[in-house]
Each structure stands twice: as C-alpha cells, then as structure tokens.
Amino acid sequence: MGVSSVLFWDLWGQFVWWSVLVAVIVFVWLMHHSLFYRSKEGEELPNPDEIEVGVFPKDYHNFTLEVTWTVIPLILILYLTYVAWAPLNAVWAPAGDADVDDNLKIYGNECTVGQSSFFDSENTTANCYHKFDIIGYQWYWEFDCLELDPMLCATGFTNIAINESTEQLKPVLTLKSDEVYLVSMTSKSLGPDSPAVTHAPWFIDIGTKEDVVPNVITTLWLTPTTLGSTLILCTEYCGQDHAYMIAQIDVIA
Ligand SMILES: [Cu+2]
C-alpha cells in the first residue's frame, strides 16, 4: 500500500468499525422492540394514548431523549471528520528544503544518488524522495524516470488483457518498494488529432489519483509498499480510448 493507502486503510478500518457498532446497536434495539412489544394473539390491548384511526397521535415530547440522540451521533461525526483530515498532510505535503522548513520534514529533501528513502509507514516520514514524470496523451501514459537509477525506476512494455479475448501492449513502470516518489505530471498533445486534454491516473492498490492537466504540472506522492503488480487507469473521461488508457506498475524489492 502506498503512503496515502497506509493512512486510508487505517481510516477505512475505523469507519467500518464504527459503522458496524452503530448498526449492531440500531438493529438489536429494533429487533428487541419489534418482538418484545408485539401483541399476542387475541389480546385486548389497553389504549392509554387514545390512538384512533385517522387521527394524528398525541405528541409526547421528551427533551432528554431528543438531546441524547442528537448529541451522541454528533460527537461521533465530529470525531470521524477530525480523523479523516489526518491523511491530508501526507497527500498535500510540499516538496522542498527540509533543512529550512519544518513543514517539509514529512518526506525530507530529494535523495542524492544512491540514497534510499527508508519510508516509515507508521509515522509517514521518509529520509528523502525520488522524482519522476508521467505524461498523459490521448490515449496512453508515458513514464520518464529522469536521472533515477534503473533499480529505482524503469520503464518497459507488456501485454495486458483488456477483455476476455484481447491483449494490448501497454507501458510498464517498475518501482522499488518502500521508496517515496514525487511524481510530476502533465498532459501533452500528439498533434491536431490528439489534443492535450485532462486525464487522471488512478494508482489502483496504491490508492491515490491526481488530475493531469494541459499546461499545468501537478504532483503526487507515491510510495509503493506492497510487492507485486497493479494497474494505472484513467479516471477522467478523455475521449474514445479512455477505457484503454491502462498501464502496469511493478513493485520490486
Ligand atoms: Cu485519459
């Protein structure tokens, strides 16, 4: 899982836990009341509320109950909102001079040749980061490893099944696990028949995505921490072959 995924999976776990707890309370309560307060066969029921068919029942206002069922869920929602903010630091952290600015300490400075990021997924910090580029065309991804060592970043091609009977040659990006990458991205034109349009690479399993916009450089932190292969899909509709704008990422040790 990537840098954001580590955080998002933790959040996911918390949200599922609270959802299950609330569901158990609600459904157990509901079942209990539905069964326990059922009238028995032939039972003559008292009618203390004088409920009549076609007449709106008397209004019993219970202030304590009303406050309780408003305040308790409100506290839970405020808490979940608060914890959901946590990954924003890791996702939007600036890149820059970590020696000068404490806010840039999450991923440190750009690695020097041969230096490793040593990503710490517990605390979402790293020694340093590596840079590479992604360019979106209509309709394929191009990876540029810049000056990086081939052990850290390599490109190639492979056949990927795009449906049950068809395979297509697609780009492959090979990255090293537990390294932090800062990806700079933009969209370019291949000529009048293929204008620069907005794309958005979605790094499945790594859990992040970002728009790729003509004439703008967008950036994204990427930290693959699980070995294996995953796909990049385009999640911004970009024309005819949008659905086939696929690439593979191989994460190696
Ligand atoms: Cu696209």
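Treat the numbers as computed from the prediction; the structure is a model and nothing was measured.

## So, the overall build of the protein chain
Thinking step 1. On a plain count of helices and strands, the protein chain comes out with three helices and 11 strands.
Thinking step 2. Along the protein chain, from the amino end to the carboxyl end, the secondary structure elements read α-α-α-β-β-β-β-β-β-β-β-β-β-β.
Thinking step 3. Taken against the 2.2 N^0.38 rule, which gives 18 Å for 253 residues, the C-alpha radius of gyration of the protein chain at 27 Å runs more than 25% over that of a compact globule.
Thinking step 4. Projected onto its principal axes, the C-alpha positions of the protein chain cover 85 × 50 × 35 Å.
Thinking step 5. For the protein chain, contacts bridging at least 24 residues in sequence account for 58% of all contacts bridging at least 6.

## Topic: the domain arrangement of the protein chain
Thinking step 1. Domain parsing of the protein chain yields domain 1 (3-36 + 50-88) and domain 2 (131-252).
Thinking step 2. With centres defined by C-alpha atoms, the gap from domain 1 to domain 2 works out at 40 Å.

## So, the nonpolar core
Thinking step 1. Ranked by internal contacts, the top residues of the largest apolar core, which has 32 residues, are Val180, Tyr181, Val183 and Leu222.
Thinking step 2. Taken together, the elements giving at least two residues each to this core come down to strand S2 (128-137), strand S3 (140-144), strand S5 (167-176), strand S6 (181-187), strand S9 (218-222), strand S10 (228-234) and strand S11 (247-252).

## Some points on unusual backbone geometry
Glycine aside, the phi torsion of most residues is negative, and most peptide linkages are trans.
Thinking step 1. For the bond from Gln138 to Trp139, the omega torsion is 5°, close enough to zero to count as cis.
Thinking step 2. Secondary-structure assignment places Trp139 in the loop between S2 and S3.
Thinking step 3. One non-glycine residue with positive phi stands out, namely Asp178, at about 65°.
Thinking step 4. For Asp178, the position within the fold is in the loop between S5 and S6.
Thinking step 5. The class of Asp178 is partly exposed, set by 18 C-beta atoms lying within 10 Å.

## Details of the sheet that holds strand S8 (residues 208-209)
Thinking step 1. Strand order in this open sheet of six strands is S4-S5-S11-S10-S7-S8, and the pairing throughout is mixed. At either end of the open sheet lies a strand with only one pairing partner, and these are strand S4 (153-161) and S8.
Thinking step 2. Two elements, S4 and S5, share nine bridges in a ladder whose sense is antiparallel. When the sheet's bridge partners are listed, Phe157 is paired in S5 with Pro171.

## Overview of the pairing of S10
Thinking step 1. Where strand S7 (residues 201-203) meets S10, three bridges bridge the pair, whose relative direction is antiparallel. Of the residues in S10, the one forming a bridge with Trp202 is Leu233.
Thinking step 2. Bridge analysis of S10 against S11 gives five bridges, and the strand direction is antiparallel. Bridged to Thr230 within S11 is Ile249.

## Considerations on the environment of Gln14
Thinking step 1. Tracing the backbone shows Gln14 in helix H1 (residues 3-36).
Thinking step 2. On the neighbour-count criterion, Gln14 (14 C-beta atoms within 10 Å) is partly exposed.
Thinking step 3. Separated by 146 residues in the primary sequence, Gln14 and Ile160 place their C-alpha atoms 35 Å from one another.

## Description of the pairing of S6
Thinking step 1. With burial as the criterion, only one face of S6 is covered, namely that bearing Tyr181, Val183, Met185 and Ser187; the residues Leu182, Ser184 and Thr186 on the opposite face remain uncovered.
Thinking step 2. Pairing geometry for S2 and S6, over seven bridges, is parallel. Pairing of His130 across the sheet is with Tyr181, part of S6.
Thinking step 3. Strand direction decides the pairing type here: S6 and S9, joined by five bridges, are antiparallel. For Tyr181, the partnering residue across the bridge sits in S9 and is Leu222.

## A few points about the environment of Pro214
Thinking step 1. One can find Pro214 in the loop between S8 and S9.
Thinking step 2. Linking Pro214 and Val197, residues 17 residues apart in sequence, is a C-alpha distance of 6.1 Å.
Thinking step 3. Excluding anything up to four places from it in sequence, Pro214 contacts Ser187, Ala196 and Val197.

Rules behind the numbers
Residues numbered from 1 in each chain as written. Predicted model: local features only at pLDDT ≥ 70, side-chain atom pairs only at ≥ 80, totals over all residues. Helix = DSSP H or I, 4+ residues; strand = E, 2+ residues; numbered from the N terminus. Rg over C-alpha atoms; globule rule 2.2 N^0.38 Å. Contact = placed C-beta atoms within 7 Å. Domains from an automatic or database assignment. Core = buried A, V, L, I, M, F, W, Y, C linked by C-beta atoms within 7 Å. Buried ≥ 20, exposed ≤ 12 C-beta atoms within 10 Å, placed from the backbone. Pairing = 2+ DSSP bridges.

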